[in-house]
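Per-entry structural report
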Protein chains: 2
Amino acid sequence: MVLNNSLTMSHEYALKVLHSNAIAIDATAGNGYDTLFLANHCKSVYSFDIQQTAIEHTRELLLKNNISNVELILDSHERLNQYVTHQVDCVMFNLGYLPGGSHQISTNYKSTIIALKQAMKLLGKNGLIIIVIYQGQDSGFLEKEKILSFLTTISESKFIVMKYNFCNQSNHPPILAIIEKK
Amino acid sequence: MVLNNSLTMSHEYALKVLHSNAIAIDATAGNGYDTLFLANHCKSVYSFDIQQTAIEHTRELLLKNNISNVELILDSHERLNQYVTHQVDCVMFNLGYLPGGSHQISTNYKSTIIALKQAMKLLGKNGLIIIVIYQGQDSGFLEKEKILSFLTTISESKFIVMKYNFCNQSNHPPILAIIEKK
């Protein structure tokens, strides 16, 4: 197909700004697939998750792929700016709960928005924040509404914000949103 | 910038399905820029407009660029299926009024939706209909609402429909919508 799903598109966009000297953040390590992807295409990655299980799954995946340029951080992305203080090129958020984990533990719009604001301060020119937003899970509808509403308030003099969504699918496919620093 | 505007993105997507044997339709010739772009990247183009001025401007632009693989049709795209009966790869709609022309003469949602339905029947597998939708002009808000509403009703078993729009811009930038035949 020409029109890819949000996950595939999230990687396509990341590749536009990743390079051998780029620095990236995976704000939601989960099972580590985005972290692995970022690590394969840039200099170093900071990867956050609040769940020990997620950090361990990510560590295993990285070991299996001989990846050593990732700093795994067992903490919430809402404290992102305590760990990263220099400019970054790409920040990925894949919201919702840990695939295979408890649906009770999920990203929530309050901490996500705090993290987004911190990430926006770290972005270099033309740097991207790439957000995959789910809308079908337990708390997904509220998070989606709150995040999309936040996106409309972002300064248009400093950032471009684009949203991609499928119009005719009944299964509520994830939405992709991208924030680019001007 | 990484995030391009809707017009640039409309060409980027068209290039994904255009090739030396492709057949394309420009449903809204206007001043001819999309027709010229399509003609440069495929075998033949059918280009429609209801305004003689638009057809003349397009003819001049094509002549200036030594383009001869375009059939110019002075008629509404709502009669598209009377001129094109075989499979096509790409159909472009750039809605609204003729740039530089009268704002009284504009595409309207009724004929646009009729044309979209006809175009959907002509699309080959993975063929694209690419629509640039304005929302700031005289009748743009109504047309936008009606077209976006129509897009949600398209069969999800036969087509993917994707919408791209800017979230934080106050000047109502155009929206890009794409219909892909499965």
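One can find the structure itself at the top, above this paragraph.
Throughout what follows, the structure given in this document is the object of discussion.

Residue and element names in this part refer to chain A. Under the criterion given, the structure shown has six salt bridges over all chains. Two residues, Lys144 and Glu145, come together in a salt bridge whose shortest N-O distance is 3.2 Å. By relative accessible area, which is 46% here, Glu145 ends up partly exposed.

A few words on the packing of aromatic side chains. Summed over the entire model, instances satisfying the criterion amount to five aromatic pairs over all chains. Between Tyr13(B) and Tyr164(B), the ring centres sit 5.5 Å apart and the planes meet at 50 degrees, which makes this aromatic pair tilted. Taken together, the residues Tyr13(B) in helix α1 (residues 6-17) and Tyr164(B) in strand β6 (residues 159-166) connect sequence positions 151 residues apart. Looking at Tyr13(B), the relative accessible area reads 8%, which means it is buried. Accessibility expressed as a relative area gives 1% for Tyr164(B), which makes it buried. Where Phe48(B) meets Tyr83(B), the ring centres are 5.5 Å apart and the plane angle is 75 degrees; that geometry is what we call edge-to-face. Separated by 35 residues along the polypeptide, Phe48(B) in strand β2 (residues 44-49) and Tyr83(B) in the loop between β3 (70-74) and β4 (88-94) bring together distant segments of the chain. Among the aromatic side chains, those forming a connected cluster through ring pairs are Tyr13(A), Tyr164(A), Tyr13(B) and Tyr164(B). Its guanidinium or amino end placed over the ring of Tyr13(A), Lys16(A) lies 5.0 Å from that ring's centre, counting from NZ or CZ.

All names here are of chain B. Look at α1: 17 Å from first C-alpha to last across twelve residues, which is about the 16 Å you get at 1.5 Å a residue. By the burial criterion, the buried members of α1 are Ser6, Met9, Ser10, Tyr13, Ala14 and Val17. Down the axis of α1, the smallest arc covering the buried residues is 140 degrees, so these residues share one side. Its side-chain oxygen placed 3.2 Å from the backbone nitrogen of Leu7, Asn5 serves as the N-cap of α1.

Listed as interface residues are 31 residues of chain A and, on the opposing side, 31 residues of chain B. Roughly 2,900 Å² is buried in total at the junction of chain A and chain B, and carbon and sulfur atoms are behind 64% of that figure. Looking only at chain A, the three residues that lose the most surface to chain B are Val2(A), Leu3(A) and Asn168(A), adding up to 26% of its buried area. Linking chain A with chain B are zero salt bridges. At the junction of chain A and chain B, the tally comes to 16 residue pairs in polar contact (both at pLDDT 80 or more). Residue assignment for the side of chain A that touches chain B shows that the elements contributing at least two residues are α1 (6-17), β5 (123-133), α6 (140-152), β6 (159-166) and β7 (175-181) of chain A. The dominant element in the side of chain A that touches chain B, judged by the number of residues it contributes, is β6(A), at eight residues.

Mapping Ser6(B) onto the fold places it in helix α1. Reaching out from Ser6(B), the side chain makes a polar contact with the backbone oxygen of Pro174(B) at a distance of 2.7 Å.

Here we come to the relation of the copies chain A and chain B. Each of the two chain copies can be brought onto the other by rotation about an axis and movement along it. With an RMSD of 0.0 Å, the fit of chain A onto chain B corresponds to turning through 180 degrees and sliding 0.0 Å along the axis. Between the two chains, the operation in question is that of a two-fold axis. Rotation axis and chain A: the residue whose C-alpha lies nearest the axis is Tyr164(A), separated from it by 2.3 Å. The residues that chain A uses at the interface reappear at the interface of chain B in 100% of cases, marking a shared surface.

With that out of the way, let us pick up the side chain of Ser10(A). Residue and element names in this part refer to chain A. One can find Ser10 in helix α1. Reaching out from Ser10, the side chain makes a polar contact with the backbone oxygen of Leu7 at a distance of 2.6 Å. With residues up to four places along the chain from it excluded, the contact list for Ser10 reads Met92, Ile130, Val132 and Leu176.

A few words now on the environment of Ala54(B). All names here are of chain B. Counting through the fold element by element, Ala54 comes out in helix α3 (residues 52-64). Separated by 47 residues in sequence, Ala54 and Gly101 place their C-alpha atoms 8.7 Å apart. Sequence-distant contacts of Ala54, defined by excluding residues within four places in its chain, comprise Gly30, Asp49 and Leu98.

Procedures and definitions
Residues numbered from 1 in each chain as written. Chains lettered and ligands numbered in written order. Predicted model: local features only at pLDDT ≥ 70, side-chain atom pairs only at ≥ 80, totals over all residues. Heavy atoms only, no water. Salt bridge = Lys/Arg side-chain N within 4 Å of Asp/Glu carboxyl O. Buried < 20%, exposed > 50% of the residue type's maximum accessible area, 1.4 Å probe, protein only. Phe/Tyr/Trp six-rings, centres within 6.5 Å; stacked < 30°, edge-to-face > 60°. Helix = DSSP H or I, 4+ residues; strand = E, 2+ residues; numbered from the N terminus. Lys NZ or Arg CZ within 6 Å of the ring centre and 35° of its normal. Expected span 1.5 Å × (residues − 1). Arc of directions from axis to C-beta. Polar contact = N/O pair within 3.5 Å; in protein donor to acceptor, adjacent residues only side chain to side chain. Contact = heavy atoms within 4.5 Å. Buried area = accessible area lost by both parts, 1.4 Å probe. Least-squares fit on C-alpha atoms with pLDDT ≥ 70 in both.

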